[in-house]
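Residue-level structural notes
So the chains spell out like this:
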Amino acid sequence: MEKLKILEFPDKKLRRISEPITVFDQSLKTLSANMLKTMYEEKGVGLAAPQINKGIRLFLIDTSPFLEYEKSETEALKMVFINPVITSETGDDWEFNEGCLSIPDIREDICRKSLITIEYLDEKFEKHIQKYEGVIARVILHEYDHLNGVLFTDKLSPLR
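Note that this is a predicted model, so its numbers are computed, not measured.

Turning our eyes to something else, we now look at the pairing of strand 3 (residues 78–100). For strand 2 (residues 58–62) and strand 3, the ladder comprises 5 bridges, and the chain directions are antiparallel. Across the sheet, the residue bridging to Ile-61 is Met-79, located in strand 3. Between strand 3 and strand 4 (residues 103–121), which pair antiparallel one after the other, the connecting turn spans 2 residues.

Below, the structure written as structure tokens:
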């Protein structure tokens, strides 16, 4: 496995809208393994393909680091999401301090919904529809935004 280079703001490639994946082949399996290695080495909890200069609809997460810090979290999720579509965002608005591997050394409180429903394909290219809440939903929303060229700093109040 190899560590990949993470694009950093203000690189314009971070603003691209990603394209759907039509086949999850060995090259994408290798890419996702390399993305996971990169995410862990950079101490992240999620990484989207656009962050490593790939314009495809793929991201992965591992929320286990939050189990140590977030007392409300009772489970972690480690997963690869292919061609995800968020079909609903509901629940309460809540602020949480976010950071991003593409915007190092900046953390800000960001307001997001607490409950999401997402459709996605897994690594076997099988379709799933799932509901997530809390920190897991937040990490998914953050990575999903990358697929649409959105950075967490875009969600800051204009006063910030």
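Given two aromatic rings, their pairing is described by the distance between the two centres and the angle made by the two planes. Summed over the entire model, instances satisfying the criterion amount to 5 aromatic pairs. With a centroid separation of 5.4 Å and an interplanar angle of 65 degrees, the aromatic rings of Trp-94 and Phe-96 are classed as edge-to-face. Following the ring pairs from residue to residue traces out a cluster consisting of Phe-59, Phe-81, Tyr-120 and Tyr-132. Cation over ring: Arg-138 sits above Trp-94, and NZ or CZ is 4.4 Å from the ring centre.

In terms of residue burial, strand 2 counts as a mostly covered element, since 5 of its 5 residues are buried. Every second residue of strand 2 is oriented toward a common face, with Leu-58, Leu-60 and Asp-62 on one face and Phe-59 and Ile-61 on the other, all of them buried. Bridging between strand 1 (residues 46–48) and strand 2 involves 3 bridges; their strand directions are antiparallel. Opposite Leu-47, over in strand 2, you have Leu-60 as the bridge partner.

Here we come to the sheet that holds strand 3. Two orientations exist for strands paired in a sheet by backbone hydrogen bonds: parallel and antiparallel. Strand order in the open sheet formed by 5 strands is 1-2-3-4-5, and the pairing between neighbours is antiparallel. At either end of the open sheet lies a strand with only one pairing partner, and these are strand 1 and strand 5 (127–133). Pairs of neighbouring strands in the sheet enclose a mean axial angle of 40 degrees, with direction left out of account. The sheet contacts of helix 1 (residues 26–41) involve strand 1, strand 2 and strand 3, and relative to strand 2 the element is tilted by about 45 degrees. Relative to strand 3, helix 3 (residues 134–147) is tilted by about 115 degrees, and along the sheet it contacts strand 1, strand 2, strand 3, strand 4 and strand 5.

Take the pattern of salt bridges next. Evaluated as defined, the whole model comprises 9 salt bridges. Residue Glu-98 pairs with Arg-138 through a salt bridge whose shortest N-O separation is 2.6 Å. With Glu-98 in strand 3 and Arg-138 in helix 3, this pair connects stretches of sequence that are 40 residues apart. The pair Glu-98 / Arg-138 is uniform in exposure class, with both members buried. In this structure, Lys-155 and Asp-145 form a salt bridge, with 3.6 Å as the shortest nitrogen-oxygen distance. A residue pair is termed long-range when its members are at least 10 positions apart, and Lys-155 in the segment after helix 3 and Asp-145 in helix 3 qualify at 10 residues. Take Lys-155: its relative accessible area is 38%, and that puts it in the partly exposed class. Residues participating in the shared-partner salt-bridge network are Glu-98, Arg-112, Arg-138, Asp-145 and Lys-155.

Reading the values: the criteria
Residues numbered from 1 in each chain as written. Predicted model: local features only at pLDDT ≥ 70, side-chain atom pairs only at ≥ 80, totals over all residues. Heavy atoms only, no water. Pairing = 2+ DSSP bridges. Helix = DSSP H or I, 4+ residues; strand = E, 2+ residues; numbered from the N terminus. Phe/Tyr/Trp six-rings, centres within 6.5 Å; stacked < 30°, edge-to-face > 60°. Lys NZ or Arg CZ within 6 Å of the ring centre and 35° of its normal. Buried < 20%, exposed > 50% of the residue type's maximum accessible area, 1.4 Å probe, protein only. Axes fitted to C-alpha atoms, helices over the stretch in contact; angles between N-to-C directions. Contact = heavy atoms within 4.5 Å. Salt bridge = Lys/Arg side-chain N within 4 Å of Asp/Glu carboxyl O.

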